[in-house]
Structures are given as C-alpha cells and as structure tokens.
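Summary of structural features
Chain by chain, the residues:
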Amino acid sequence: MSIFINAAQAISPQQTFLKDQLPGELVKYDGIMQCILPDFKNYFSAIELRRMSRIIKFSSATAQECINEAGTNKMDAIITGTGLGCLEDTEKFLNKMLDTDEGLLTPTTFIQSTHNTLGGKIALTNNCNEYNITYAHKTVSFESALLDASLLIKEGEKNILVGGIDEITEENYNLRKHINQWKEEPFSNLDIYNSKNSGCKAGEGAAYFMVSSNKTDNSYAELKMTDIYYKLKNPSLLAENFKNNLKSKTGMSLNDIDFVLFGFNGDVKSDSYYHQIKDTLFKDQDHGYFKHYCGEYDTSASFGLWVATRIIKNNYIPDNILIEKRKRKNINNILLFNQENNENHSFIVLSKC
Amino acid sequence: MENRVFVTGMGIISAIGNNLEENFDSLINKQHGISKLDILKTVHQDELLCGEIKLTNNDLLKRLDLPESNTYARTTLLSIIAAKEAFNDAGLKSKDSARTGVIVGTTVGGMDKSERFYKRLDENTDFIQSHNCGFTTEKVADYLDVNHFVTSLSTACSSGANAIMLGARLIKHGILDRAIVGGTDAISKFTLNGFKTLFLLDPNPCSPFDKDRKGLNLGEGAGIIVLEKGEICKNKKRYSEITGYANNNDAYHQTATSPDAKGPYLCMKNALEKSKLKPQDISYVNVHGTGTDNNDITEGLALEKIFENTVPPFSSTKAYTGHTLGAAGAIEAIYSILSIENNIIFPNLNFKQAIPELSLSPATVVIENAGIENVMSNSFGFGGNGTTLIFSKE
C-alpha cells in the first residue's frame, strides 16, 4: 500500500505560503519569529475575522489552500497535531478569569480554546463529517497525526488532510523565558546552526498536507515511514531501531537515504544528539536543517516536512538549507529527523515518486 | 487478518470511588458523587455542584509514593492512579518484551496548576512544563516504565474514547502488542467558568434525559484500560473484546449538535459496521447523556434513528460522576465493560419524565441478569467531535 503526499502548503515566518520553491533569501528575526500572514479577507467573512484568533485564521487559510491544491474537498479524515492548541484564546479566557476573580466572562474565547477547534473549523468549512482527531503530544504531535493518517490509508481511506499547527504569543514567550527556553535577544535565526549556547528561537506556523492512496500529476513524494520513539536515549540503540524499521517497513537500507533534514534548533545540548547521529549513522549522506526558517515549536516538524516536499520535487537543495557541500547527485529519498533533548525522536521518510 | 484486541486490565478514579471496586459498588448502590466543592477553591464554591474527588493533591501523591516536591498537575496524578491500577489488574510488569504504548487523552492538561500560577510566576515556574497535554502521558509512561511509544490527544469530551480507539487500531495494525490507554481531567476554574459562561451547568444534581434537565455537573477523574492483542493474553483474564469504534464530526457548530444529529448518528452507524454487529445485537448503550438540553435531545434522536425505534436499554452515568470531560469516554468505557463483566445495567439517576419529543426513557433501576453481549459507549464533544466504542463479551 503506497501513501502519497498530493498537496502541501505552509504559512511560516518566511515567504512560504503558496510557493513552489524554497525562498533564496530568508527573513532575519532577532527575537520571536511570527508568521508572515496573507490577507485574511480573502478567506473569511467579517464576523469570522473579528471572532477568530490568529492561529485559527492561519491554520484555516493554510488548510484551505492545501485542499485547493489537492483539487478535492472530499476528505476521508482531517487529522491535526498541535502542541499547545489555541494558546491566544486560552490565555485570554484565563487572564480575564484571573483578573476579574472569576467575574462576568464571555464564552467565545473559552469555546475556541480547545485543541480540536482547528480541525473542527476545517470540518465545518468543508462540511466534512468524517474522522476528525487532534493530537497534542509535545514535539511529536504532528508525527502522531501523520502516523494515524498512514493507518487510515492502510484501512482503505483515500484522501486525508493532515496538519501541524502552533502559535506563539508574547505572553507565552515571556513565560518560557523564565525556564530559559529561548536565546537571549538579540540572536538571529540565521545563526542557529553555529550557536554555542543554550536556548532556541521561538517560532510558529501551520503546514497542511493532503495524504492520499492515489498518485497524481501533482504528487510531491511517497510517504514511506513515520516512526516515533519516546525515550530511546542510547544513540546506538536508537540507530539500530531505526535501521531495522527502515528495512522492515520500506525495504531500504541506510545508504538509500540521500538527504537527511535535521531539526537543529540552536540549543547546543539538544543539537548535540543530532551531531552524534549525523556524524556516525549518516556520514555518507547530504545534510540540511530548517528551523532557521520557522523557529522552534511543538509542530515544527510539519514545516520540516513541507521543506522536504519542495526539495524532493525540485530535486534541489538551496544553500541556506545545506550544512556542507553536496556529496550526492540526486535526492531520491529524504529522512526528516527531529527530537527534543534526546526524547520524542521522530523519523519521517519520503521517496521520489 | 487483523489482530483481535482484548481488555485485560482496568483502573479508575472518580467522584464515586478511588478504584474499580469502589466505582462498581457505588454504581449498583445508586451512590452518586455530586457535591459542593471542597478541594478546588473558587468563588463559585457554594453555588455549583460537581463530581469532585475528595482527595487533595498531597493525598494522591502519598498513594503513589511520589515526593511532595514535584511538578505534577492534578490531571496527571489522577491518570497515574488509574494507570497503576490498570497495570496491576492486567498483571503486567515493566520491561517485558511486548511492544507497549501509552496513549492518554485530556482536554486542558495541567490547567489546574496554570490557573494558580499564571500571574504569580515568581512563586512557581514548574507549571510551565506541566501545562501541555503530553506531560501527563509521559508521567504515566515514566511511572510504569514504558518507553516505547507515547502520544496524547485532545479532542474535547471524546478525548478518552479516542485514545482507546487509537490504541486498538495500533494493535490491529501490528504496530503495538499492548496499549495502556484512556483519559484524564481534573476540575479546574478554567473549565468551571467556561461552562458557566455557556449556561450549561445545572445548579442541582443533573438529570440526563429528563424533560426538565437543566445542564451538566462538571466532574473529574481518570479511566485507563489495558488493551492487548489476542496472542499475548490467551492465558489471562480478558474482560471483553473491543469490536467496534468510529469517530465522526458533526460539522455543524463548535459547541452544539446539529438538529438532525448527523455526527452522533454516523459514529454509532460506523462503529456498528466496524464490529459487524446489527443494531439489535447491542444489549446496552452507555450514552453520552450530559444532561444539557441540546445533547440529550440530539443523542436521543440519533438513538431512535440508528435503532429504528427499538432502542436497547440505555443510561447515562453522568449523574453519578459528573461530566469528567477528557476522562468521560474512558470512565464510561470502563462502566460499559463492567456491565458486560457483571451482566448488569447501571441506572440513569434523577430521571423522572421522558423528553416529549422522544419516545424513549433510560433505565432507572439496576437491571441484573440483563443478558449483556455487546455494549455501546458514546462520547461527544466540542468541535463537533463524536466517538462510539463497542465492547463485546468473548
């Protein structure tokens, strides 16, 4: 059973929305990295524009363009992943409640605060009564959604919309400053690969994919494998598991992987685990990274997958993604590898189709 | 050929009991757990009734032999209590060779801590990490020492049911041999005030499916079950088999079900199809039955449509526990399995008069020797989410 990615769209802190190519020039951010937003008037009514929070808007617009690209809104499932869900609405209701000591409150932000508001909104817009699930598990929220989509294709479903969405708010950014999650400002997103200290860049985004059982003229790639491991902390054990699963699930060996896209985020400790794997398991492959585009957030791997779709379709890796000089001529198989402090490792394998 | 999936362990904590046995005893003795709030401090202390568990976080920590200094939210503690019981009930030991996953659903994760510390950062920064939904699941996995596959989902009030469904599917696909799955939520001021602004709270004990129902009582708790594939649980107690499941979206409104109850109807229909059972094979339905005007009438219409006016005995157990949100689907799955195990139907408390638009009434007394073969459990939530699970006697 083959699984194809037939549409892929992303709104991010870079110029990525409705783009076929990766940007040559990147936008530089010294602090928080927030999305470059399209004109939402093209997507929503005046009432919606007033009521909906930023994340609902950039999630829905991305999903809608992904559906347009796929050429069908007859979806057999809508599956989303989001680490923190509708943060802005959650904070608004929470703050109002605390400020007024549980005084008179309005329900809009409460009802929009649930994680599955995003997937529910797409179902509502497209009149889709099918399977609709939202995963919320830290940095593997999106991968859980993608894995579920693969199961559904194997169960006989045809078109599944899968997305990864998270937003960063000023308040949450300041909160997480206290636990030293971020780089001290100013620190440019363009410098994360060579960073020598702790912390990462706060980012956000939405990336949606139409995952399908049928190949079309527009198919970006075949999705060969989605694997997550919670706590496989020993690098040689992790490598062994990955090699075995790659063989048993795809028939491929390590050497078949041409390009590895790593989730380097600028935090030296977390990044050291990528280096270990990069310099041992994948020394013969081309290497790249992507979080200088989007920053770090729970579902940043979904943006990594969007980057991978562009690379594999165009058979081209821009210099701003590459870590060192190319060793391989063609890019037939890509591995996207993400983790956070040596936990919640995820491996997504894409093949040219 | 798909693997068959069996329930081999259960654990639960709710307002009607701190373990499986206490919950069962309360159910058959019609002992509800709805009361004024003692543990949660809120300005609504005296006006709202809830299904609160009368144990403080420190009480819960002691039961788990965890240190008092910790980062655990109440939601997390409740789920570990239930998971520990389920793990032991299934006779499991850490680090056996079975590929084991932990999947937990919750609506607001560590909100009970966030709302205490959000504006008082200098006092406590620990809550920042415990706020997200995944934190709880990881702590369950860590406590049980399971490190293979861990994920969480958050689909409002069907979260617990959806975690069970995912666990079953991962076993059927051969990805896992065993899944420790369920849902958890603690009462928080956030959800309490949220439901209050929507005028969905009954100031009195709720009366699901009653003509004069006024809304729901919030509850809290956790339900965790152990699912195992047939081959690895041949020689142990198997409570029941999970034979059907489906999730559908009503695609009508963020918080209200459509007048024709399309979503609820579809998930019952699709779960039946999955189980290859006919509507008349269902012996009992543990309905979502929150006691809100909108839920009960629409769920009732969907029941009449799917069962073509010969609706099997049904009841909502929410008048016992309150609506435990992310835990509800899992807690009620456990009640459904207990129904099969004991061949019994649990009553729907506080019911007096049928809803005029419907021609159905819930079971109001304990029905023993009920001939239970297959039980259906419904869970519906915000965002149009709806899930039906079907458990069958082996």
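Residues numbered from 1 in each chain as written. Chains lettered and ligands numbered in written order. Predicted model: local features only at pLDDT ≥ 70, side-chain atom pairs only at ≥ 80, totals over all residues.

Observations concerning the overall build of chain B
- A tally of helices and strands in chain B yields 12 helices and 13 strands.
- For chain B, whose C-alpha radius of gyration is 19 Å, the value lies close to the compact-globule estimate of 21 Å for 394 residues.
- Seen through its principal axes, chain B has C-alpha atoms that stretch 60 × 50 × 40 Å.
- A buried classification covers 64% of the 394 residues belonging to chain B.
- Partitioning the intrachain contacts of chain B with sequence separation of at least 6 by distance along the chain shows that 79% fall at a separation of at least 24. (Helix = DSSP H or I, 4+ residues; strand = E, 2+ residues; numbered from the N terminus. Rg over C-alpha atoms; globule rule 2.2 N^0.38 Å. Buried ≥ 20, exposed ≤ 12 C-beta atoms within 10 Å, placed from the backbone. Contact = placed C-beta atoms within 7 Å.)

With respect to the packing of helix α3 (residues 74-89) of chain B against helix α6 (residues 133-144) of chain B
All names here are of chain B.
- For the pair α3 and α6, the least separation of the axes is 9 Å and the interaxial angle reads 35°. Seen from above, α3 lies across α6 with right-handed handedness. Residues T75, T76, S79, I80, A83, K84 and F87 of α3 pack against F135, T136, K139, V140, Y143 and L144 of α6.
- Counted by class, the contact of α3 with α6 contains 7 nonpolar, 4 polar and 2 charged residues. (Axes fitted to C-alpha atoms, helices over the stretch in contact; angles between N-to-C directions. Left-handed = near helix turned anticlockwise from the far one by under 90°. Nonpolar A, V, L, I, M, F, W, Y, C, P; charged D, E, K, R; others polar.)

Details of the pairing of strand β8 (residues 221-229) of chain B
All names here are of chain B.
- Among the 9 residues in β8, 9 count as buried, and that is most of the element.
- Taking every second residue as pointing to the same face, both faces of β8 are buried, with G221, G223, I225, L227 and K229 on one and A222, I224, V226 and E228 on the other.
- Across 9 bridges, the pairing between strand β1 (residues 5-14) and β8 is antiparallel. Bridging from a neighbouring strand, F6 pairs with E228 of β8.
- Note: strand β6 (residues 178-185) against β8, 8 bridges, orientation antiparallel. (Pairing = 2+ DSSP bridges.)

Regarding the nonpolar core
- Counting residues in each nonpolar core, the largest one holds 224 residues, and the members touching the most others are L161 of chain A together with I180, I225 and L227 of chain B.
- Per element, the largest residue contribution to this core is 9 residues, and it comes from helix α12 (residues 328-342) of chain B. (Core = buried A, V, L, I, M, F, W, Y, C linked by C-beta atoms within 7 Å.)

Let's talk about helix α9 (residues 262-275) of chain B
Residues and elements named next belong to chain B.
- For α9, spanning 14 residues, the distance from its first C-alpha to its last is 20 Å, which sits close to the expected 20 Å at 1.5 Å a residue.
- A large share of α9 lies buried, amounting to 10 of its 14 residues.
- Every buried residue belonging to α9 is among K262, G263, P264, Y265, L266, C267, M268, A271, L272 and S275, and all of these are buried.
- Considering only its buried residues, α9 is in contact with β9 (240-249), α10 (293-306), β12 (374-381) and β13 (385-392).
- Looking one or two residues beyond α9, the residue adopting positive phi is K276, at roughly 60°. (Expected span 1.5 Å × (residues − 1).)

Comments concerning the domain arrangement of chain B
All names here are of chain B.
- Each assigned domain of chain B is listed with its residue range as follows: domain 1 (5-233) and domain 2 (244-384).
- Look at where the C-alpha atoms of domain 1 and domain 2 centre, and you get two points 21 Å apart.
- Of the residues lining the interface, 58 residues belong to domain 1; the matching set on domain 2 comes to 51 residues.
- In terms of residue count, the dominant contributor to the side of domain 1 that touches domain 2 is helix α7 (residues 159-172) (8 residues).
- Classifying every residue of the side of domain 1 that touches domain 2 gives 28 nonpolar, 23 polar and 7 charged. (Domains from an automatic or database assignment.)

Topic: the interface of chain A and chain B
- At the junction of the two partners, chain A supplies 46 residues and chain B supplies 49 residues.
- Looking at the side of chain A that touches chain B, the elements with two or more residues in it are α3 (87-99), α4 (108-111), α5 (117-126), β3 (131-135), α6 (141-154) and α7 (170-177) of chain A.
- Taken together, the residues of the side of chain A that touches chain B sort by class into 22 nonpolar, 16 polar and 8 charged.

A look at the domain arrangement of chain A
Residues and elements named next belong to chain A.
- By the assigned domains, chain A splits into domain 1 (4-212) and domain 2 (222-351).
- One C-alpha centre belongs to domain 1, the other to domain 2; they are set 22 Å apart.
- Facing the 50 residues of domain 1 at the interface are 39 residues of domain 2.
- Contributions of two or more residues to the side of domain 1 that touches domain 2 are made by β1 (4-11), α6, β4 (159-166) and β5 (205-212).
- Looking at the side of domain 1 that touches domain 2 element by element, the count peaks at 7 residues for α6.
- Of the residues assigned to the side of domain 1 that touches domain 2, the class counts are 23 nonpolar, 20 polar and 7 charged.

A closer look at the environment of G381 of chain B
Residues and elements named next belong to chain B.
- Structurally, G381 can be placed in strand β12.
- A C-alpha to C-alpha distance of 19 Å links G381 and Y320, two positions 61 residues apart in sequence.
- Beyond its immediate stretch of four places on either side in the chain, G381 contacts T155, A156, C157 and S158.

Some words on the environment of K113 of chain B
Residues and elements named next belong to chain B.
- Structurally, K113 can be placed in helix α4 (residues 111-117).
- It is 38 Å that separates the C-alpha atoms of K113 and T364, two residues lying 251 residues apart in sequence.
- In contact with K113, other than residues within four places in its own chain, are A73, F127 and S130.

Details of unusual backbone geometry
- Note the cis peptide between E185 of chain A and P186 of chain A, where omega equals -5°.
- For P186 of chain A, the position within the fold is in the loop between α7 and β5.

Focus on the sheet that holds strand β2 (residues 35-36) of chain B
All names here are of chain B.
- Spatial ordering of the open sheet is given by β2-β3-β7, a layout of 3 strands whose pairing is mixed. Each having just a single partner strand, β2 and β7 (218-219) make up the two edges of the open sheet.
- Across 2 bridges, the pairing between strand β3 (residues 49-51) and β7 is parallel. Note on β7: the bridge partner recorded for G51 is G219.

Quick look at the environment of G156 of chain A
All names here are of chain A.
- Mapped onto the secondary structure, G156 falls in the loop between α6 and β4.
- Judged by C-beta crowding, with 9 C-beta atoms within 10 Å, G156 ranks as exposed.
- Separated by 57 residues in sequence, G156 and S213 have C-alpha atoms that sit 8.2 Å apart.

Notes on the pairing of β12 of chain B
Residues and elements named next belong to chain B.
- Among the 8 residues that make up β12, 8 are buried, leaving the element largely enclosed by the rest of the structure.
- Because side chains alternate across β12, one face comprises the buried residues N374, M376, N378 and F380, and the other comprises V375, S377, S379 and G381, equally buried.
- Bridge count between strand β10 (residues 284-286) and β12: 3 bridges; the pairing is parallel. Following the sheet pairing, V285 is matched in β12 by M376.
- Note that β12 and β13 share 8 bridges and pair antiparallel. Bridged to G381 within β13 is N385.

Some words on the packing of helix α2 (residues 54-70) of chain A against α5 of chain A
All names here are of chain A.
- In contact at an axis separation of 10 Å, α2 and α5 are set at 50° when each is read in the N-to-C sense. Judged by the inter-axis angle, α2 sits oblique to α5. Seen along the crossing, α2 lies across α5 with a hand that is right-handed. Mapping the contact onto sequence places I56, S59, S60, A63, Q64 and I67 in α2 and T117, L118, K121, I122, T125 and N126 in α5. (Parallel < 35°, antiparallel > 145°, perpendicular 65-115°, else oblique.)

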